[in-house]
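Listed below are the residues making up each chain.
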Amino acid sequence: MKRRAREKGSLSVLMGYAGRRRVLTYLSWVLSAVSALAALAPFVFVWLIVREVLGAAGEFSAVQGRLAVYGWWAVGSALLSMLVYFAALMCSHVAAFRVAGNLRKRTMRHIASLPVGAMSGPGSGRVRRIVNESSGATETYLAHQLPDMAGAFATPVGMIALLFIFDWRLGLLSLIPTVLGFVIMSRMTGKGMARKMKEYQNALEVMNNEAVEYVRGIPVVKTFGQTVFSFKRFKGSIDSYHKWVVAYTKSLMWPMVAFTTAINCVFVPLIIAGLCFTAGGVEEAFLLNLIFYIIFTPIISVTLMKVMFMSENNMIVKDALRRIGGILALRPLPEPSVPKLPQDNSVTFENVTFAYEGAARNALDGVSLHVRAGETVAFVGPSGGGKTTAAGLVARFWDPSSGTVRVGGTDVREIAKEVRSDTVAYVFQDSRLLKTSIYENVRMGRPAAAREEVLAALHNAQCDDILAKFPKGADTVIGSKGVYLSGGEQQRIAIARVMLKNAPVVVLDEATAFADPENEAAVQRAFEHLAKGRTVIMIAHRLTTVQNADRIYVLQDGRVAEEGTHAQLMEKRGLYRGLYDEYRTAVSWKVGDGV
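Residues numbered from 1 in each chain as written. Predicted model: local features only at pLDDT ≥ 70, side-chain atom pairs only at ≥ 80, totals over all residues. Heavy atoms only, no water.

1. What to know about a nonpolar patch on the surface
On the surface, W72, V75, L79 and M82 cluster together to form a nonpolar patch covering roughly 470 Å² of accessible area. Summarising the element assignment, M82 is placed in helix α4 (residues 64-113). On the basis of relative accessible area, M82 is assigned to the exposed category, the value being 56%. (Patch = residues over 30% accessible without salt bridge, like charges linked within 9 Å, V, L, I, M, F, W, Y side chains within 5 Å. Areas by Shrake-Rupley, 256 points an atom, 1.4 Å probe, with all protein chains shown as cover. Salt bridge = Lys/Arg side-chain N within 4 Å of Asp/Glu carboxyl O. Helix = DSSP H or I, 4+ residues; strand = E, 2+ residues; numbered from the N terminus. Buried < 20%, exposed > 50% of the residue type's maximum accessible area, 1.4 Å probe, protein only.)

2. Considerations on a positive patch on the surface
A contiguous patch of positive charge, built from R20, R98, K105, R106, R109 and R331, is present on the exposed surface. With respect to the helices, strands and loops of the structure, R98 is situated in helix α4. (Lys, Arg positive; Asp, Glu negative; His and termini not counted. Charge placed at Lys NZ, Arg CZ, Asp CG, Glu CD.)

3. Quick word on the side chain of R534
By secondary structure assignment, the location of R534 is in the loop between α20 (517-531) and β8 (535-539). The side chain of R534 sits in the buried core without any salt bridge; E453 is the nearest counter-charge, 11 Å away. A polar contact of 2.6 Å, which involves the side chain of R534, links it to the side chain of N502. Polar side-chain contacts of R534 include one of 3.1 Å to the backbone oxygen of A503. R534 has contacts with G374, E375, M499, N502, A503, P504, V506 and H529, leaving out every residue within four places of it along the chain. (Polar contact = N/O pair within 3.5 Å; in protein donor to acceptor, adjacent residues only side chain to side chain. Contact = heavy atoms within 4.5 Å.)

4. A closer look at the packing of helix α2 (residues 10-18) against α4
The geometry of a pair of packed helices is captured by two quantities: the angle between their axes and the separation between those axes. α4 packs onto α2 with a crossing angle of 85° between their chain directions and a minimal axis gap of 8 Å. Considering their axes alone, α2 and α4 lie roughly perpendicular with respect to each other. On the side of α2, the interface is formed by L14, Y17 and A18, while α4 contributes R98, V99, N102, L103 and R106. A class-by-class count of the residues in the contact of α2 with α4 yields 5 nonpolar, 1 polar and 2 charged. (Axes fitted to C-alpha atoms, helices over the stretch in contact; angles between N-to-C directions. Parallel < 35°, antiparallel > 145°, perpendicular 65-115°, else oblique. Nonpolar A, V, L, I, M, F, W, Y, C, P; charged D, E, K, R; others polar.)

5. Things to note about the environment of F267
Note on placement: F267 falls in helix α11 (residues 267-277). Assessed through its relative accessible area of 33%, F267 is described here as partly exposed. Between the C-alpha atom of F267 and that of T297, which follows or precedes it by 30 residues, the distance is 7.7 Å. Ignoring anything within four residues of it in the chain, the contact list for F267 reads I294, T297 and P298.

6. Topic: the sheet that holds strand β10 (residues 559-564)
Across the sheet, which stays open at both edges, the 6 strands sit in the order β6-β7-β8-β3-β9-β10 with mixed pairing between neighbours. The two strands at the open ends of the sheet, each matched to only one other strand, are β6 (424-427) and β10. Ignoring which end each strand starts from, the neighbouring axes of this sheet average 20° apart. Where strand β7 (residues 505-509) lies against β8, 5 bridges are found, and the strand directions are parallel. For D509, the partnering residue across the bridge sits in β8 and is I539. (Pairing = 2+ DSSP bridges.)

7. A short note on the side chain of S32
For S32, the position within the fold is in helix α3 (residues 22-56). In terms of polar contacts, S32 uses its side chain to reach the backbone carbonyl oxygen of P147, at 2.4 Å. With sequence-adjacent residues up to four places away left out, S32 is seen in contact with Y85, A88, P147, D148, A150 and G151.

And the structure:
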C-alpha cells in the first residue's frame, strides 16, 4: 500500500476511497475556480467607480447612475463568488466525508483482521492517532485545501490577464514580489520540508503514545506521590518534541521573514514606477491604471499565503497516507487454504521457539509440552519466563518462529480463524469492558444467546452480588453515572463472557491479579464452573491458586524448567519450591515484622 501510494500520488489514493462521490471533488475544483475568478470582478468595478469619480471633476450628478450600476455589479459579483464557493465547499465536504469514513473503516477492518500480537509493537496511542488524526488530515485536505488550491491557481490566471490589460509595465513590476515569494517558498517547501514534516509527525506519535501510557499509570503516580518526571519516557518524548520544534522554528525564521516581506511589499515597485513614469508629468490614464494596481495587488499576498499553506498541507497528507499505509501493510496471519478441525481439546507444543521482533533473545526456546483434553494446567515461573507468550501462541496471537502448536492434534495454523475463535477463549489479565450494559458485555461471547443463557453465565461466574448492587441488574451500563467495577468484578464479568461462549479450551492470563481476597474467592469458584468439561491453561503468580492443577509447568528463560503436580514439584525442592516458599513468606509478612 505504501509503495502504491508513492506511485499513484496522494490524490489518486484518496480518490480510490471516494467511490462515486469523486465527481463531486472534481466539481468542487471547477466551482472554486469560477468563484476565484468572480472574486476579481469587484476590483474592476471599484476601479470603474474611481474612474467615473475622477472624470466627473465634481459634477457627480452626471455619473450618479453609472456609479450605482457599478456598485451593484460589484456587490452582485462578490455575492456570486460567495455562493459559488459555498457550493464548491458543499461538494468537497460530501466527498471528503465519504473518503475519511471509508479510510477509517478500511483501516479498522484491517486492524480487526490482525492478530492481537500485531498491535503490541506500535502501541495503542500511536495506532489511535494514525486512525483518527491521519484520516482527519485527509478530510481537511479534500474538503478545504484542494478547492482552495483550484481557486489559488485560477486567481493568478485572472490576475495576469488583468495586470496586462491595464498597463503591462505596471503588471510586470507587480509580479516581481510574486516571483520572489515563489522562489523563497520553494526553498522552504522542498524535500527538506518533507523530511522535517515526517520527523514532526514521528515526534507527535511518540509523545502521544507515551501520554497514553502515562495516563494509564496515573493511579500509580498519585498513589506514590510522583510527578511526570517519574515517567522518563514520557518526559523524554516531551523534551525531544520541544527541542525539535524550537530548532525547526529557528531554521525557518529568516526564510519566513523574507517570504512575508516579499509578498507584503508589492507596493514598492509600484511606488518606484509611479515616481519614474510621472517624472515628465502625470497622465490621467496612467494615474487610473496605477490606482487599479494599488487596489488590486493586495490579493497577490493572500494568494501566495494560500499556496504556501497548501504546499505544507500536501506534505502532511502524504505523510498521513504513508502512516496509514504502514498499518495496512501489516499482514494478517495466513489462513489455511484447506482448513482442518481440531479432533479434541488437547494442546501440544512441539519444540516451539518464538522471538519478538527486535528482541535480543528468544521468548520461548524449544518448548515441548502436552495438555490432555479436559486437564487444568498452570504456567508459572519468574517474570519474563515466557508464560504469557506460550499462552498467546495457543490462541495464535503470533505464529512460532519454529516448531508447532497444536490444538486437538491440529496445527493452529491449519485451523480457520472462526473455528479457532470458537475453540480457544482467552481471559486477559486486565479485562476490558465496553461502555455498555453488563448484559451486552457478556453477550459478546455469543451474540445469538438468549437472555436466560446470559443470566445463567453471570450466575455461574459468581456475579450475583455484582448485579444485586444495581437497581437495573444486568442492564446496568458500565462507566456511566458513577457505575464502575473493581478489577476482580471485571474479571468475573469476563469469565461469564467466556462461559457463555462455551469454548472447549480456555486460557486464563493471571485472572486473579487485581482481585482482593473476597473477589479472589469468588473468582476461584467461577473457575470451578468454568473448568468443567474444558481444557484450562492458567497463568499465575499467586501460586496458591494453582495447587489443585492437574499439572504445573515451570517456565524460566523461555524453557520448561520443571513440570509435575504441586506435590511432586514441592518434593523436588527445585525452582518451583523456591518460588512457592518465597510467595508464602510474602503472604505471611506483616507490618512491624522485624522491628
